[in-house]
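Residue-level structural notes
Here are the chains, one letter per residue:
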Amino acid sequence: MTTTTTTMDDGVYDAIVVGAGVEGSATAYHLAKQHQRTLLIEQFPLPHSRGSSHGQTRITRKAHADDFYTAMMADAYQMMFQLEKEAGVKLYRKTGCLYIGPADSDTLNNVESSLQKHGCVHEKISSSEMKARFPGFAVSADMCAILDSEGGILRADKMISAFQTMFIRFGGHLRDGEPVESIQPGNIVTVKTSKGLYKTRNVAIAAGPWASKLLKPLGLNLPLKCKKILVMYWKERTRGSYSVDRNFPVFIHKMKHPTAIYGLPSDEYPGLVKVCLHHGPEIDPDLRDEVDVTWVKDTVREYVTKHMPGLESVPSVVESCIYTNTPDSHFILDRHPRWSNILIAAGFSGSGFKISPVVGKAVCELIMKTTPSYDLSYFRINRFAPTSRM
Ligand SMILES: Cc1cc2nc3c(=O)[nH]c(=O)nc-3n(C[C@H](O)[C@H](O)[C@H](O)COP(=O)(O)OP(=O)(O)OC[C@H]3O[C@@H](n4cnc5c(N)ncnc54)[C@H](O)[C@@H]3O)c2cc1C
């Protein structure tokens, strides 16, 4: 997928984006749209399934316990609709998102007040109402749920490809199968890949699970942990009973331990429902499958047996993906503390897909030094000061 559609006047790019996952692709899209001469570099041939952005579907929602995410999601939806128009492809299917938890939980109360504050259509649903409206779920009487009406399914692989297609159409250069080996800082940054040297005024590092490998030589030791996540599909006992056509929503079930279980209706693989644990064993991304995942399968099997009795209790299909987690589960969107023309977008902690249009716009604004559209104070590197010494 290597392209060279425009020529460089002085041989120096305005920006190089390292990593063509969803965050790097969204960043490159915004930069090229703003007429920045941009090169997007990806280590593997595209598309690939080694990072965090592959697969057909992701959950999107406005429901968040931290209201700054709900605020940003309004913009994320608008930009996703704009991308649908530009690329001529459908990226979203509305299903509603059920946020389930104990009736007295702080998380649920915070989700409800975030939705209220930002004028998002939602309902609070008791466990008996849940049983009536979503008969596929078996929940105990002390549970309740917030239904975020605008929650739904994102066509993940189509979205990432739409970002890349539009990036190229706006004049961007994309080089895949070309790992970045080193980044030499300076007013003009030199990026060395397996195939050559590139000069640029700014670099955005959006390397997902490999972020630490690129950042350590730049003196930045961020507390990022990679987790292997199992993407498990469970067969419906009655075909279609958990489908969008039967109004089955996407859902997140907040637990005390483990953190959460989430799921999507049968859709991309008819008859199979995606139900996953929001957690997994720590890994090196280059050795992703050399780890025991029995406990993850067992945890989700117990959940399915107890709460989704209309599904078989053995997963029919198991795929793998990676989270890159920060200690507080908030992202990192910031400048390098020493070199302000090196930007970092990392640590999306298993929830960065839906918000990628906002991430791309925010990094683009940092590079172009325009007025920021969002409050990025939650995402600063200096919150990890003790472990991120230069
Ligand atoms: C199973 C699963 C379910 C999820 N569900 C949801 C969900 O429902 N909703 C949601 O919003 N989010 C969800 N997420 C999270 C979301 O998918 C991630 O936050 C997002 O994909 C992170 O994208 P990224 O661009 O940071 O990382 P990646 O997709 O990993 O992209 C990083 C890219 O950088 C490249 N790279 C790394 N090093 C180099 C180098 N040296 N040179 C060149 N290229 C390099 C990598 O090859 C990779 O392509 C889920 C994630 C998983 C794994």
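Residues numbered from 1 in each chain as written. Predicted model: local features only at pLDDT ≥ 70, side-chain atom pairs only at ≥ 80, totals over all residues. Heavy atoms only, no water.

Time to look at the domain arrangement of the protein chain. If you check the domain split of the protein chain, you get domain 1 (12-52 + 157-220 + 328-387) and domain 2 (95-152 + 225-325). Between domain 1 and domain 2, the residue contacts involve 12 residues of the former and 11 residues of the latter. For the pair domain 1 and domain 2, the summed buried surface comes to about 950 Å²; carbon and sulfur atoms form 44% of the total. The three residues of domain 1 that bury the most area against domain 2 are Arg50, Pro209 and Ser349, which together make up 40% of that side's buried surface. Counting across the interface, domain 1 meets domain 2 through 3 salt bridges. Taken together, domain 1 and domain 2 are joined by 8 residue pairs in polar contact (both at pLDDT 80 or more). Looking at the side of domain 1 that touches domain 2 residue by residue, the class counts come to 3 nonpolar, 7 polar and 2 charged. (Domains from an automatic or database assignment. Contact = heavy atoms within 4.5 Å. Buried area = accessible area lost by both parts, 1.4 Å probe. Salt bridge = Lys/Arg side-chain N within 4 Å of Asp/Glu carboxyl O. Polar contact = N/O pair within 3.5 Å; in protein donor to acceptor, adjacent residues only side chain to side chain. Nonpolar A, V, L, I, M, F, W, Y, C, P; charged D, E, K, R; others polar.)

With that out of the way, let us pick up the site of the ligand. Surveying the vicinity of the ligand reveals 36 residues, the closest of which are Glu42, His48, Ser53, Ile59 and Cys321. In this structure, Val22 approaches the ligand through a main-chain N or O atom, which is 3.3 Å from an oxygen atom. Between Glu42 and the ligand, the recorded distance is 2.6 Å, taken from a side-chain N or O atom to an oxygen atom. Calculation on the ligand without its partners gives an accessible area of 1000 Å², and the protein chains cover 96% of this total. (Near = heavy atom within 4 Å. Areas by Shrake-Rupley, 256 points an atom, 1.4 Å probe, with all protein chains shown as cover.)

The subject of this paragraph is the confidence of the model for the protein chain. On average, residues of the protein chain carry a pLDDT of 95, and 96% of them reach 70 or more. When the criterion is pLDDT under 50, residues 3-7 qualifies, and its contacts beyond four places in sequence or with other chains add up to 12 contacts. Confidence drops under pLDDT 50 across residues 386-390; counting only partners more than four residues distant or on other chains, this segment forms 13 contacts. (pLDDT = per-residue confidence, 0-100.)

Within the structure shown, the criterion is met by 20 aromatic pairs. On the basis of an interplanar angle of 55° and a centroid distance of 5.3 Å, the ring pair of Tyr69 and Phe331 is categorised as tilted. Residue Tyr69 is located in helix H2 (residues 67-87), and its partner Phe331 is located in the loop between strand S19 (311-325) and strand S20 (332-335); the two are separated by 262 residues in the primary sequence. The same class applies to Tyr69 as to Phe331, namely buried. Each member of the aromatic cluster is reached from another via a ring pair, and the members are Phe68, Tyr69, Phe331, Phe348, Tyr378 and Phe379. Over the aromatic face of Tyr77 sits the side chain of Lys62, whose NZ or CZ is 4.8 Å from the ring centroid. (Phe/Tyr/Trp six-rings, centres within 6.5 Å; stacked < 30°, edge-to-face > 60°. Helix = DSSP H or I, 4+ residues; strand = E, 2+ residues; numbered from the N terminus. Buried < 20%, exposed > 50% of the residue type's maximum accessible area, 1.4 Å probe, protein only. Lys NZ or Arg CZ within 6 Å of the ring centre and 35° of its normal.)

The next point concerns the environment of Phe134. By the element assignment, Phe134 lies in the loop between helix H4 (127-133) and strand S8 (143-148). For Phe134, a relative accessible area of 6% translates into the label buried. Between the alpha carbons of Phe134 and Arg246 there is a distance of 8.9 Å; along the sequence they are 112 residues apart.

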